[in-house]
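Residues per chain, in single letters:
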Amino acid sequence: MGIADILQITVYTVRLIIAVALATYAIKTKGTNFWWLFGLYFTSGVFGLTDFILQSGNIFALSSGFRFICMVLFIHYTFYLDRNNPTIYFFIMSVIFGIIIIIFNILFDYINPLELYDTIASITQIIGNIIVFSWLIYSSLNAFLNVKNDETIDDWVKMRYKLVIFYSFIGIFVAIAYGTINFTEINFYAIFIFIATITYQLIQLMAWVMPKFLRNYFNRHFIAHTSSSKTIDELSEDEVIIKLRED
Amino acid sequence: MDFVNFLGPKLSALISKDVSPCKGLIRFAIRDACKNPNSLTYKDIIEIVNKELKIRLDQVNIPELDQVMSQLNKIIIKNQSVFTMSIY
């Protein structure tokens, strides 16, 4: 087993660990959106490891469409419930791209293994990732700008938006790299992409399953702000009614 | 994130009353719904605002209640990600 194999196993194993963390988090918080992120990581980890064990090179591509769909539904459930949104178009795009990737990467490759088919599959995969991640960046940035100056929103929540935007940019970079660079041997680029991938995954984990100490750290100024105003808010039921009925 | 702290000032601006009693009213609405204020989902918030909080606002004779409710819903829907992003 070479270094390239170890790097590959590490990437997929980290994905499975993140999937378990996200599942635990989704159960604890009752957050529907996190199940879709779990789906993305779980399929990615399982299909990636299977691909590696069987040395197929095509199995991971099978899950592309499903991973796009998971991402699209994650964005929908996080940002766009109860409002007009383009989810349906991204969903249809994901299905079409998934089918194109399967056809060109697996079926055509099996019938007639031309490099052109792999190239078409890779380009489709890159475009799909760019579109989905760009939508995530747009949605997060829009929402962040909406709340940036709102003093009632915790600083750690604002930081979460920033982390999502940051890891989405790395996600685009990683997707382009995986689609264009051949990782059969270890070189500077392979190591660089490996580090970028692990960084992308860890930032994503940090954003969604943020440890308490980090939350407290990001929120250090906010806690001071709210604690000083707490006492005036604790009015009795009668006081509240009287105050609201006053002109 | 504290949903009461978030929505209190918005409700206060909509009905032109002090922030403190508005926060108090929201706190009572959450209590009426028998929900844990620390683990409210977006769906819980929409339900509480349109049921318990609406009843409470009606009880204190807030004028043009339907318009206030419509504005409150718009604010919550527009800021939906604040609730999904702030659960932990």
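The structure we're discussing is the one just above.
Here we summarise the structure given alongside this text. (Residues numbered from 1 in each chain as written. Chains lettered and ligands numbered in written order. Predicted model: local features only at pLDDT ≥ 70, side-chain atom pairs only at ≥ 80, totals over all residues.)

**Observations concerning the overall build of chain A**
At step 1: Along the backbone of chain A there are eleven helices and zero strands.
At step 2: The linear arrangement of helices and strands in chain A, starting from the amino end, is α-α-α-α-α-α-α-α-α-α-α.
At step 3: Among the 247 residues that make up chain A, the fraction classed as buried is 33%.
At step 4: Expressed as a percentage of contacts within chain A between residues at least 6 apart in sequence, the contacts between residues at least 24 apart total 70%. (Helix = DSSP H or I, 4+ residues; strand = E, 2+ residues; numbered from the N terminus. Buried ≥ 20, exposed ≤ 12 C-beta atoms within 10 Å, placed from the backbone. Contact = placed C-beta atoms within 7 Å.)

**Description of the interface of chain B and chain A**
At step 1: Counting from both sides, the interface comprises 27 residues of chain B and, opposite them, 30 residues of chain A.
At step 2: Those elements giving two or more residues to the side of chain B that touches chain A turn out to be helix H1 (3-15), helix H2 (19-32), helix H4 (65-78) and helix H5 (80-85) of chain B.
At step 3: By residue class, the composition of the side of chain B that touches chain A is 13 nonpolar, ten polar and four charged. (Nonpolar A, V, L, I, M, F, W, Y, C, P; charged D, E, K, R; others polar.)

**What to know about the nonpolar core**
All names here are of chain A.
At step 1: Of all hydrophobic cores here, the largest spans 70 residues; its most connected members are Leu22, Leu37 and Phe74.
At step 2: The element best represented in this core is helix H4 (residues 64-79), accounting for ten residues.
At step 3: Those residues in contact with Leu37 that sit more than four places away from it in its chain are Leu22, Phe74 and Trp208. (Core = buried A, V, L, I, M, F, W, Y, C linked by C-beta atoms within 7 Å.)

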